Amino acid sequence: MFVIRHAADRGHANHGWLDSHHSFSFADYRDEDHVHFGPLRVINEDRVAPGAGFGTHSHRDMEIISYVLEGELAHTDSMGNKVVIRPGEVQIMSAGTGVTHSEENHASTVTHFLQIWIIPNRLHLKPGYQQTFFPDAEKRGKLRLVASERGEHGSVTVNQDVRLYAGLFGPDESAHHTIDFERIVYVHVVRGTVHVNGHPLNAGDAAKITGENRVELSDGVDGEVLLFDMAPLD
């Protein structure tokens, strides 16, 4: 089954300092048909105004990935990390038994990033943090593994049976991904356009793929995608 979720169908909230689109139920956006897909719980496309950000707040029992597209995001947390996240980097924070953190845009331009939450495979884990840079050359015309349960091939480690890939696709570039039996795939178009199994998808669009054995990515125009290959939740 191949189901398209169009960008315009997402939830939307504009708080002035934050303009956010929600692929799944989040905060005041309630959608019983889009609470989660397998362990994928949140994809928020956020634009944070200069000098603004998320003040110190807490999380627990969630795997939280930040994927910056434009600008930069200053991160401070209760584990002692004080870093800046920039385009090309993947940051993951395992909230586990509980962490507090803040995310601020100290730059003079808007910060555009994706906030992704994944339900962990175990509760009450020890909190953890990782941040890794993945060059565009490793994603150009291919799918680069950027997060996985065992941290394979230099990917960051996520406490769930999820393999997250990132790819960049132009008009003459294509790639395919084989889906193992009983696994599910979620493809989110980060920016530009790309054909997914022959269907043209634009920035913010996504495809839920179940019962299929292959994903084809092709015919992109400045296309960037994230592909989540996951075991369904029990």
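Residues numbered from 1 in each chain as written. Predicted model: local features only at pLDDT ≥ 70, side-chain atom pairs only at ≥ 80, totals over all residues. Heavy atoms only, no water.

**Concerning the nonpolar core**
- The biggest cluster of nonpolar side chains holds 27 residues, and the ones touching the most others in it are Leu-40, Ile-116, Tyr-186, Leu-226 and Phe-228.
- Going through the elements one at a time, strand 4 (40-48), strand 6 (63-70), strand 9 (89-94), strand 11 (111-118), strand 13 (143-148), strand 15 (162-169), strand 17 (184-196) and strand 20 (214-230) are the ones with two or more residues in this core.
- Setting aside anything within four residues of it in sequence, one finds Leu-40 in contact with Phe-24, Ile-116, Trp-117, Ile-118, Tyr-186, Phe-228 and Met-230.
- Of all hydrophobic cores here, the second largest spans 18 residues; its members include Tyr-165, Val-187, Val-189 and Val-225. (Core = buried A, V, L, I, M, F, W, Y, C linked by side-chain atoms within 4.5 Å. Buried < 20%, exposed > 50% of the residue type's maximum accessible area, 1.4 Å probe, protein only. Helix = DSSP H or I, 4+ residues; strand = E, 2+ residues; numbered from the N terminus. Contact = heavy atoms within 4.5 Å.)

**A word on the environment of Ser-58**
- You can see Ser-58 is positioned in strand 5 (residues 53-59).
- Separated by 16 residues in sequence, Ser-58 and Ala-74 have C-alpha atoms that sit 16 Å apart.
- In contact with Ser-58, other than residues within four places in its own chain, are Val-99 and Thr-100.

**Focus: the sheet that holds strand 12 (residues 128-133)**
- The strand order across the open sheet built from 7 strands is 2-3-4-11-6-9-12, with neighbouring strands paired in antiparallel fashion. Of all the strands in the sheet, the pair left with one neighbour each is strand 2 (11-14) and strand 12. Sheet twist, expressed as the average angle between the axes of neighbouring strands with direction ignored, equals 15°.
- Relative to strand 3 (residues 18-22), strand 2 runs antiparallel, the two sharing 4 bridges. Across the sheet, Ala-13 pairs through a bridge with Ser-20, a residue of strand 3. (Pairing = 2+ DSSP bridges. Axes fitted to C-alpha atoms, helices over the stretch in contact; angles between N-to-C directions.)

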